[in-house]
Amino acid sequence: MQTTNLWTTHAPRPTDLPSHPHPERTDVAIIGSGYTGLHAALVLAKSGTNVTVLEQETIGYGASSRNGGMMTAGLKASLKSVVRMYGMERAREFWQWSLDSIDHVDRTVAEEGIDCDFSRSGHVELAYKPSHFEHFKEYVAWMAKEFAYAGGYVISPAEVRTEIGSEAYFGGLVDDFSAGLQPAKYVYGLAKAGARQGACFVEGAGVKAIQREGHHFRLRTAKGDLTAREVLLATNGYTTGLVPAARMGVFPVGSYIIATAPLPPELQAELSPKNRMFFDSKHFLNYFRLTPDGRMLFGGRNNLSTGLDLHESARLLGARLVEVFPQLKGVPIAHAWTGKLGITFDLMPHAGRINGIHYAYGYNGHGVSIASYLGKEMGELLAGKRTSVPFMDIKHPRSFITYFDKLYLPFVAAYYRMLDRWT
Ligand SMILES: Cc1cc2nc3c(=O)[nH]c(=O)nc-3n(C[C@H](O)[C@H](O)[C@H](O)COP(=O)(O)OP(=O)(O)OC[C@H]3O[C@@H](n4cnc5c(N)ncnc54)[C@H](O)[C@@H]3O)c2cc1C
């Protein structure tokens, strides 16, 4: 087994993607080169703004090249809790915005000619317990009534076998609107699109400090200093104390993935006859799908820590994989890897300005389309094409406790395990 990311192993950083020298000044400095930063950079470069993306490692190093590549409607916070927090009207706006985010990725991939195996494959949420299936039925009826949304439909336990070659579930909730892609090809394609428009990319340029100097900011990076009129922090699960108040609003959680060796076409068709994106209804959920090259990719959060040994993670995820698909017993696990999610206290994405520095983050493991769309809208904001973006005007819970995540996350993990056992 290789402890390497399948996606970048099979689609490494393109050699024709430029890595620019460190400039001394720029109009907009973007910290982080994932979907948030790259979509912002693309919009800014297209509008003629001089924009520089600063990445501490290599382009797309963070979650954007490591994720499951699954785009499903909605936010991580359940729609019912969004209604409770912000009322029905706002919840409808956020719901529609989440649908628009998937269309935005679809459009960007087509317009920029990004070859990233994008497909409107749809998804199935799988009921882990019979009671969860009852919730699915209520939820679909509620969505039709309150959101006029008819995209989701329930399939009975007997019908589940038309969607998945597994006996482990008690029904499902299908939505054909959802999509999948190859995350690394997508992130590199976005960077190439930005570079074509004149965006500057500096790798190995970790930002160590940001200082306000009159109307400008001075950024000290691992490669030198640069001044910028505006700064966008786009570091999500990789956010450090660079802007302390930003760190207090998000904390990192590890998500782990394994991928099998390529499977014979008949076995692929048995496990996932419609090539869906899957996730289950647990709090500690598992997400899985076939990869474009015919492997089963299987992910989850083991104990929320970012430091779990990848062999141990593969053992835990591999055991669950075989519970779901006994047909895969003995099939070699070829890759195991991990990445960091940016979790917020209310499970909502957040954007805003702290001491003049803009930020957008907090996708809670649900960021492929949401980070893309929020990044685009932050780019438009910084290009002067809009005055606000969603999630900028909602309350953003923050606490110094985020600095102590290693201490309290084991307790949060134990709590969620208990919920999975009892609810
Ligand atoms: C294993 C895994 C599976 C996931 N699966 C899914 C999925 O199937 N569907 C879904 O919707 N979402 C999924 N997600 C979440 C999704 O990948 C993220 O929400 C999204 O990629 C976030 O993009 P981003 O640009 O905000 O941050 P990232 O892509 O994490 O980029 C942040 C970047 O900032 C850089 N950085 C940090 N600090 C500095 C600094 N000081 N100076 C310079 N650079 C810095 C980092 O090196 C990193 O490259 C998953 C995440 C993980 C980890």
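Scroll up to find the structure.
Keep in mind the model is a prediction, meaning the values are calculated, not measured.

Chemist: So what exactly am I meant to see when it comes to the layout of surface pockets here?
Modeler: Rolled over the atoms, a probe with the dimensions of a water molecule shows which regions are left empty. In this structure, the second largest pocket encloses a volume near 440 Å³. Along the wall of the second largest pocket there are 16 residues; nearest its centre are K282, F284, N286, R320 and R417. Secondary structure elements with two or more residues in the lining of the second largest pocket: α8 (310–324) and α10 (405–422). Here the element with the most residues in the lining of the second largest pocket is α8; it accounts for six residues. Residues belonging to the lining of the second largest pocket are distributed by class as follows: six nonpolar, two polar and eight charged.

Chemist: Honestly, a nonpolar patch on the surface in this entry has me stumped. Any pointers?
Modeler: On the surface, a nonpolar cluster with roughly 620 Å² of combined accessible area is contributed by F345, F400, I401, Y403, F404 and L407. As for its position among the elements, L407 is in helix α10. L407 sits in the exposed class, given a relative accessible area of 61%.

Chemist: Honestly, the pairing of strand β9 (residues 207–213) in this entry has me stumped. Any pointers?
Modeler: The side chains of a regular strand alternate between the sheet's two faces. Across six bridges, the pairing between β9 and strand β10 (residues 216–221) is antiparallel. Within the sheet, the bridge partner assigned to E213 lies in β10 and is H216. Hairpin connection between β9 and β10: a loop of two residues separates the two successive antiparallel strands, and G214 in this loop has a positive phi of roughly 60°.

Chemist: So what exactly am I meant to see when it comes to the site of the ligand here?
Modeler: Taken together, 37 residues surround the ligand, and among them T36, E55, S64, M70 and V368 come closest. One of the side-chain nitrogen or oxygen atoms of N67 is found 3.2 Å away from an oxygen atom of the ligand. G365 is positioned such that a nitrogen or oxygen atom in its backbone is 3.2 Å from a nitrogen atom of the ligand. Considering the ligand on its own, with 1,000 Å² of exposed area, one finds that the protein chains cover 97% of that surface. Looking at the shell around the ligand element by element, the count peaks at three residues for strand β16 (residues 333–343).

Chemist: Before we go on, may I ask you to explain unusual backbone geometry in this structure?
Modeler: For residues that are not glycine, phi is negative in most cases, and the peptide bond is trans in most cases. One non-glycine residue, N236, lies in the positive phi region at around 35°. Inspection of the secondary structure assignment puts N236 in the loop between β11 (224–233) and α6 (244–247). Note on N236: relative accessible area 15%, which makes it buried. Its identity is not glycine, yet N275 carries a phi of approximately 55°, on the positive side. By the secondary structure assignment, N275 is in the loop between α7 (265–271) and β13 (277–280). A relative accessible area of 36% places N275 in the partly exposed class.

Rules of the game
- Residues numbered from 1 in each chain as written.
- Predicted model: local features only at pLDDT ≥ 70, side-chain atom pairs only at ≥ 80, totals over all residues.
- Heavy atoms only, no water.
- 1 Å grid on protein atoms, 1.4 Å probe; cavity = no way out; pocket = protein on both sides within 12 Å on 5 of 7 lines; lining within 4 Å.
- Points joined across faces, edges and corners; volume = space filled by probe spheres on them.
- Helix = DSSP H or I, 4+ residues; strand = E, 2+ residues; numbered from the N terminus.
- Nonpolar A, V, L, I, M, F, W, Y, C, P; charged D, E, K, R; others polar.
- Patch = residues over 30% accessible without salt bridge, like charges linked within 9 Å, V, L, I, M, F, W, Y side chains within 5 Å.
- Areas by Shrake-Rupley, 256 points an atom, 1.4 Å probe, with all protein chains shown as cover.
- Salt bridge = Lys/Arg side-chain N within 4 Å of Asp/Glu carboxyl O.
- Buried < 20%, exposed > 50% of the residue type's maximum accessible area, 1.4 Å probe, protein only.
- Pairing = 2+ DSSP bridges.
- Near = heavy atom within 4 Å.
- Polar contact = N/O pair within 3.5 Å; in protein donor to acceptor, adjacent residues only side chain to side chain.

None of the figures reported here should be taken as evidence of function without further support.
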